[in-house]
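Overview (structure and organization)
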Amino acid sequence: MDIRILTADHLDGALALSTLMGWNQRLEDWRTLIELAPEGSFVAYDDGRVVATAIGLDYVHCGWIAMMLVAPEYRGRGLGARLLETAMAAIPPQLPIRLDATPLGRPLYERHGFVLDTSLTRHVRPAGTSAPTTADGVFRLPSTDLQEVAGIDAAIFGGVRSRLLERIHTAGPGYAWRAAGAPIQYCLGRSGRLFNQIGPIAASTTATAIALASAALPNARGQAVVVDAYDDHEEFTAWLGSSGFEAQRPLYRMRRAGAGSAPPRVRAPVIEFAI
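Residues numbered from 1 in each chain as written. Predicted model: local features only at pLDDT ≥ 70, side-chain atom pairs only at ≥ 80, totals over all residues. Heavy atoms only, no water.

1. A look at the side chain of T206
For T206, the position within the fold is in helix α7 (residues 206-216). Looking at T206, the relative accessible area reads 16%, which means it is buried. What T206 contacts, discounting residues up to four positions off in sequence, is E235, F236 and F273. (Helix = DSSP H or I, 4+ residues; strand = E, 2+ residues; numbered from the N terminus. Buried < 20%, exposed > 50% of the residue type's maximum accessible area, 1.4 Å probe, protein only. Contact = heavy atoms within 4.5 Å.)

Encoded structure:
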């Protein structure tokens, strides 16, 4: 099987693969990822067709594996393992690597040394569900606040994602909200092929996280919305259920140690409720 660098020439095929698998990415999302990781984006090509992909992103303090996709008829041949190993090799070896796994992908990652960090659930709000009409104490997140947001996100996530956060803010300003005061509490979001997604949501209290999500929801304009929320924030997930969201499937945030010593983690001043 021919594995090569995924470039703009492969984007239509990559989108066709993610669409086949029921993923939410648009062509713009694929383009953003290969621009963030031009040397870490890989594609498996067979008979002129994109049949698998994987992307290894370098977020300075950690690596991240994204878009691990294998067409159903090509599974069970070791192709997923080859692509995962190729994407991991594109990340500096001293860095820890993290990813979000579905139940289908989790066994592959465990065989490659990844362990469970925490569990989440994807909550889906069907199209046409009415949105909250009020959200007190929050206002639009201006682009001038993104540097502070990126600093807090780095403390929570463990890597530097400022470029990605800027792209999300630019593409979905209606989902970008913050609460008054310091430290900054915020949410972002984006549009997708099948549904819109709200996240990350970072706040000091559950009440503020709910206010931020409530402010963002009307921007969906009746379209389906998902929130990938941490399972241990039970009050927040209960609010999702009372607001028309339905639990769809689990997600697993996993990590793999790097060859070097882990960089010291800075304590985040807020809590992340959704990714």
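On we go from here.
2. Describing the packing of α7 against helix α8 (residues 234-242)
Packing of α7 against α8 leaves a shortest axis separation of 9 Å and a crossing angle of 35°. For the pair α7 and α8, the sense of crossing is right-handed. Contacts between α7 and α8 involve T206, A209, I210, A213 and S214 from the former and E235, F236 and W239 from the latter. (Axes fitted to C-alpha atoms, helices over the stretch in contact; angles between N-to-C directions. Left-handed = near helix turned anticlockwise from the far one by under 90°.)

3. Looking at the side chain of H10
Among the structural elements, H10 can be located in the loop between β1 (2-5) and α1 (11-20). Once you skip the residues sitting within four places of it in the chain, H10 turns out to touch R4, I5, V43, Y45 and V50.

4. Section: the pairing of strand β3 (residues 49-58)
Taken across its ten residues, β3 has eight buried, putting it largely inside the fold. As paired elements, strand β2 (residues 41-46) and β3 share six bridges and run antiparallel to each other. The residue of β3 that forms the bridge with V43 is T53. Here six bridges tie β3 to strand β4 (residues 63-70), and the two strands are oriented antiparallel to one another. Its bridge partner being in β4, D58 is matched across the sheet by G63. Where β3 folds back on β4, the antiparallel hairpin that results is connected by four residues, among which V60 adopts a positive phi of roughly 75°. (Pairing = 2+ DSSP bridges.)

5. A word on helix α5 (residues 146-157)
In this model, α5 (twelve residues) spans 15 Å end to end at C-alpha, consistent with the 16 Å of a helix rising 1.5 Å per residue. Within α5 the residues assigned to the buried category are L146, V149, A150, I152, D153, A155, I156 and F157. Backbone geometry just downstream of α5 places G158 in the positive-phi region, at approximately 95°. (Expected span 1.5 Å × (residues − 1).)

6. Some remarks on the nonpolar core
If you look at the biggest cluster of nonpolar residues, it comprises 62 residues, and the most contacted ones within it are W30, I55, L57, I65, L79 and Y109. For this core, the element with the highest residue contribution is β4, accounting for seven residues. Apart from residues no more than four positions distant in its own chain, I55 is found in contact with W30, L33, A37, G40, S41, W64, I65, A66, M67 and A87. Among the nonpolar cores identified, the runner-up in size contains 26 residues, and I198, A229, W239 and F245 belong to it. (Core = buried A, V, L, I, M, F, W, Y, C linked by side-chain atoms within 4.5 Å.)

7. A look at unusual backbone geometry
Of note, the bond from A182 into P183 is cis; its omega dihedral lies within 30 degrees of zero at 0°. For P183, the location among the structural elements is in the loop between β8 (177-179) and β9 (186-190). In the segment running from G199 into P200, the intervening peptide bond is cis, with an omega of 5°. Mapped onto the fold, P200 is located in strand β10 (residues 196-203). A positive phi is found at D47, a non-glycine position, where the angle reads about 55°. You can call D47 exposed: its relative accessible area is 77%. Residues other than glycine seldom take positive phi values, yet M67 does so here, at roughly 55°. Position of M67 relative to the elements: it lies in strand β4.

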